[in-house]
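Structure assessment
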Amino acid sequence: INLTGDFTSRTADLDALHSNGHLRIANIQAGQLRARDFAADIALDDGVIRLSDITAQAYDGTYRGNIEYDMRSRTPLMTAQQTFSNIQVAPLMRDLHALTKLQLQGKANLKTQLIARGSALDDIRRTLNGQMEFSVQDGVLQGIDIAYWLKLGEALLRKQTPPSISSAQSTP
């Protein structure tokens, strides 16, 4: 499924629509990101689209969330609560390779409460606000020895001999 563009329909078009359903998708891909076993309850009621009890499996972890898009006002309002649990970071980073060269390993957890306004994707991106909690368990940053760079910075500040170059190419 490839969805693009702006949704500009107003409540007048949607007031008469009242619908409920359940969506299941075995495999889904958004850009380079992949998930499976996607499921959500969908409701359209008086200009409000609700996706609730959203679940999916992604990168050996789970996704749960709720998203609401309220078009009853002149400027639509989007709210989202999302939780990603036990996501394997290395395969996720490989799929995001075109966006970042960062090589990170471990299990990630992410919890968000987001709000945005607008009918165009650019407006939603510009007004996006909210809270996020992020953690990585057993994380390793490949290609950078942070401990070495911290020791080097400390030595330079104290006007001491710099440490010898580390052979470690990762930071646990």
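Look up: the structure comes first, before these words.
Calculation criteria
- Residues numbered from 1 in each chain as written.
- Predicted model: local features only at pLDDT ≥ 70, side-chain atom pairs only at ≥ 80, totals over all residues.
- Heavy atoms only, no water.
- Helix = DSSP H or I, 4+ residues; strand = E, 2+ residues; numbered from the N terminus.
- Buried < 20%, exposed > 50% of the residue type's maximum accessible area, 1.4 Å probe, protein only.
- Contact = heavy atoms within 4.5 Å.
- Areas by Shrake-Rupley, 256 points an atom, 1.4 Å probe, with all protein chains shown as cover.
- Polar contact = N/O pair within 3.5 Å; in protein donor to acceptor, adjacent residues only side chain to side chain.
- Pairing = 2+ DSSP bridges.
- Core = buried A, V, L, I, M, F, W, Y, C linked by side-chain atoms within 4.5 Å.

**Observations concerning the overall build of the protein**
Within the protein, the regular secondary structure consists of 4 helices and 8 strands. Taken from the N to the C terminus, the helices and strands of the protein come in the order α-β-β-β-β-β-α-β-α-β-α-β. Per-residue burial over the protein gives 28% buried out of 172 residues. Looking at the protein alone, contacts between residues at least 24 apart form 45% of all its contacts between residues at least 6 apart. Summing over all exposed atoms, the protein offers an accessible surface of approximately 11900 Å²; the carbon and sulfur share of this is 53%.

**Focus on unusual backbone geometry**
Non-glycine residue Asp53 carries a positive phi angle of around 50 degrees. Note on placement: Asp53 falls in strand S3 (residues 48-58). The backbone of Asn86 sits at a positive phi, close to 55 degrees, despite the residue not being glycine. Residue position: Asn86 is located in strand S5 (residues 77-88).

**A word on the side chain of Asn109**
Examined against the element boundaries, Asn109 turns out to sit in strand S6 (residues 103-117). A polar atom in the side chain of Asn109 sits 2.8 Å from the backbone nitrogen of Asn86. Setting aside residues up to four positions removed in sequence, Asn109 forms contacts with Phe84, Ser85, Asn86, Glu133, Phe134, Ser135 and Gln137.

**Things to note about the pairing of S6**
Pairing between S5 and S6: 10 bridges, direction antiparallel. Paired with Gln81 across the bridge in S6 is Gln113. Relative to strand S7 (residues 129-142), S6 runs antiparallel, the two sharing 12 bridges. Paired with Asn109 across the two strands is Ser135, which belongs to S7.

**So, the side chain of Gln82**
Relative to the elements of secondary structure, Gln82 occurs in strand S5. At 3.1 Å, the side chain of Gln82 and the side chain of Tyr63 are in polar contact. When near neighbours in sequence (up to four residues on either side) are disregarded, Gln82 contacts Tyr63, Arg64, Gly65, Leu110, Lys111, Thr112 and Leu114.

**Considerations on the pairing of strand S4 (residues 61-70)**
In this sheet, S4 lies alongside S3 in antiparallel orientation, the contact comprising 9 bridges. Bridge assignment links Val48 to a residue of S4, and that residue is Asp70. Turn length for the S3-S4 hairpin, with the two strands adjacent in sequence and antiparallel, is 2 residues, and the turn residue Tyr59 shows positive phi of about 50 degrees. Bridge analysis of S4 against S5 gives 9 bridges, and the strand direction is antiparallel. Each bridged residue has a counterpart across the sheet, and for Glu68 the counterpart in S5 is Thr79. Here S4 folds back onto S5, and the loop between the two strands holds 6 residues.

**Structural notes on the nonpolar core**
Within the largest apolar cluster, 15 residues are counted, with the highest numbers of intra-cluster contacts made by Phe38, Ile54, Ala56, Val89 and Leu104. If you list the elements that add at least two residues to this core, you get strand S2 (33-45), S3, helix H2 (89-95) and S6. Setting aside chain neighbours within four positions, we find Ala56 in contact with Ala35, Arg36, Asp37, Phe38, Gly61, Thr62 and Tyr63. In this structure, Tyr69, Ala80, Ala116 and Ile124 belong to the second largest nonpolar core, which totals 6 residues.

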